[in-house]
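Chain by chain, the residues run as shown.
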Amino acid sequence: CGLRPAPASSVPGRGMDVPRALITSLDAGRLKRLKAEWFAHGGRIRREEFIWLLSRTCSLGPRDGEFSEPDVLAGMMEMWSDLETAKDGTVTWDSFSSFLAHTISSLTQEERARQSLRLFRSGMPPHADVTIVHKDATDAARLQPRKLGEGAVAMSILKIVYLPAPLDRHLLCERHGAAIHLRLYTPTSMSLAFDKELQGAKFVLTDAVYVTRHRYLAGSFVGQWVQLWDQASNWAPARKVIVGGRGPAIALAWCERTDVLAAGTVDGELLLWSAGSGWALKEGGEASRSRAPLTAVICAQGPETELVVTGSLSGELCVFRAQGGERRAQLRGHSGGITALAHAPEHHYLISAGIDRLICVWNMFIASGTPIARLDATSSNVLGIGLPTAPGPGGMGQVFVAGDAQGRFRVVSLRTLRVVQEFNVTGE
């Protein structure tokens, strides 16, 4: 399938497995061909047809440095075992599309199941406050996993999304046995703001944002919809926005000035919903499509108007007007899929990170299409970028922090674009 295994250092203890390598090699063309073949078989396929369709869509010829053909076949079998099959042993395209959304979303986090959330306070060295979510003695009754049958249910954290001020909360998607829980925690005390119990794999969270003007929490799910919860009504469900036949939304962003909710899908399409127009969907047409699934989306203030920036699994960055969806620029600097985007408005910087282990810094006011700086991030994939609201310690000024799959953090000065501090998560 044209798969090249990532170096063993990209994931602690082993290289990237075949299913993840297969998914990171997908582009919009292959997805379109695979979808057409899938529906040509009646929209439901069995295991043998699944392997045959992937073989038709991809080139299986082994070449130097790639996975062997038996490895690829074993990887396809592993992918099939992870799919949600019907009683007759078939899988629908929607189920496969949901599987893609979950797997692509998990590229921005570790493969291992986590059971703790660690918070770092600025300092030299940084001070770590550790919270073991399902063993916290301060709120044991509410944070212990539910009982299903005999014994305690194993709990793991599937997704963590930080929702910055004015909400300032951590939203965790947790698996408790067969059930999925969405829990909103306050960073200081880790007390629960809400706990939503959902049933089924289609409720696994891919991303979330806080819709500031309307005081809504928006969450996208592998089940191809975006759910809105109303903070003013004690987080009661307010609206469900259906993505439709475009594939599940992987990444969300809220554009405050233009009152627009943006989403990037598995099909590589940018969707824009206008909150002021009854959440009507704005379609950007072919210009808003990427060659690969969109893995990161943010809103940023440009020289004249609010912009939406998308990053794809192919490493492509595109800039659109939030109001109308017109493409403004295409940025090239990554050779691997985009895992994180951030915007530093005071410096007019766009910061991107990818599975090519590069961090690129772009000036939003210079339409050159090339980064003004490239940082060789780490020996591992960068999973996230954050911009602390407070300046860095020791007079270093404003900074951004990049974290990788091996638990290593690097603090970079926005003034000099140099690494000024490093620290690790140990004992995990």
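This one's a predicted model, so the numbers in the text were calculated from it and none came from an experiment.

On to the state of the cysteines. Evaluation of the coordinates by the stated rule reveals one disulfide. Between the sulfur atoms of Cys255 and its disulfide mate Cys299 the distance is 1.8 Å. Its S-S torsion of about -50° marks the bond between Cys255 and Cys299 as left-handed, since a negative value means left-handed. In this pair, Cys255 sits in strand S13 (residues 249–255) while Cys299 sits in strand S17 (residues 294–301), placing the two residues 44 residues apart along the sequence. The same class applies to Cys255 and to Cys299, which are both buried.

Let's shift gears to the pairing of S17. For S17, a buried count of seven out of eight residues is recorded, marking the element as mostly surrounded by other parts of the structure. By the bridge criterion, seven bridges tie S17 to strand S18 (residues 306–312) in an arrangement that is antiparallel. Paired with Cys299 across the strands is Val308, a residue of S18. In this antiparallel pair of consecutive strands, S17 and S18, the connection spans four residues.

Scanning the model with the defined rule gives eight salt bridges in all. For Arg321, the salt bridge is made with Glu326, and the minimal N-O distance between the two is 2.9 Å. Its relative accessible area of 25% is what places Arg321 among the partly exposed residues. Here Glu326 falls in the partly exposed class, since its relative accessible area comes to 39%. Taken together, the shared-partner salt bridges connect Glu174, Arg183 and Asp195 into one network.

Before going further, it helps to spend a moment on the packing of aromatic side chains. By the definition in use, this model includes 12 aromatic pairs. With a centroid separation of 5.4 Å and an interplanar angle of 45°, the aromatic rings of Phe50 and Trp80 are classed as tilted. Of the two residues, Phe50 sits in helix H3 (residues 47–57) while Trp80 sits in helix H4 (residues 69–82), which places them 30 residues apart along the sequence. Of the residues examined, Phe50 reaches a relative accessible area of 1% and is grouped as buried. Taken together, a centroid distance of 6.3 Å and an interplanar angle of 25° make the contact between Tyr216 and Trp279 stacked. With a gap of 63 residues between them, Tyr216 in strand S10 (residues 216–221) and Trp279 in the loop between strand S15 (270–274) and strand S16 (280–283) connect regions that are remote in the sequence. Like Trp279, Tyr216 is buried. Joined through ring pairs, the aromatic side chains of Trp38, Phe50, Trp80, Trp93 and Phe96 make up one cluster. The positively charged end of Lys196 is found above the aromatic ring belonging to Phe194, 5.4 Å away from the centroid.

Another point: the sheet that holds strand S23 (residues 358–363). An order of S21-S22-S23-S24 is seen for the four strands of this open sheet, with the pairing classed as antiparallel. What marks the edges here is a single partner per strand, and that holds for strand S21 (338–344) and strand S24 (373–376). Put simply, the sheet's adjacent strands are angled 15° from each other on average, direction ignored. As paired strands, strand S22 (residues 349–354) and S23 are joined by five bridges and run antiparallel to one another. Bridge pairing links Ala353 to Ile359 in S23.

Looking now at the nonpolar core. If you look at the biggest cluster of nonpolar residues, it comprises 45 residues, and the most contacted ones within it are Phe50 and Phe96. By residue number, the principal contributor to this core is helix H5 (residues 93–105), which donates six residues. Setting aside residues up to four positions removed in sequence, Phe50 forms contacts with Trp38, Ile45, Met76, Met79, Trp80, Leu83 and Phe96.

How each quantity is defined
Residues numbered from 1 in each chain as written. Predicted model: local features only at pLDDT ≥ 70, side-chain atom pairs only at ≥ 80, totals over all residues. Heavy atoms only, no water. Disulfide = S-S within 2.5 Å. Helix = DSSP H or I, 4+ residues; strand = E, 2+ residues; numbered from the N terminus. Buried < 20%, exposed > 50% of the residue type's maximum accessible area, 1.4 Å probe, protein only. Pairing = 2+ DSSP bridges. Salt bridge = Lys/Arg side-chain N within 4 Å of Asp/Glu carboxyl O. Phe/Tyr/Trp six-rings, centres within 6.5 Å; stacked < 30°, edge-to-face > 60°. Lys NZ or Arg CZ within 6 Å of the ring centre and 35° of its normal. Axes fitted to C-alpha atoms, helices over the stretch in contact; angles between N-to-C directions. Core = buried A, V, L, I, M, F, W, Y, C linked by side-chain atoms within 4.5 Å. Contact = heavy atoms within 4.5 Å.

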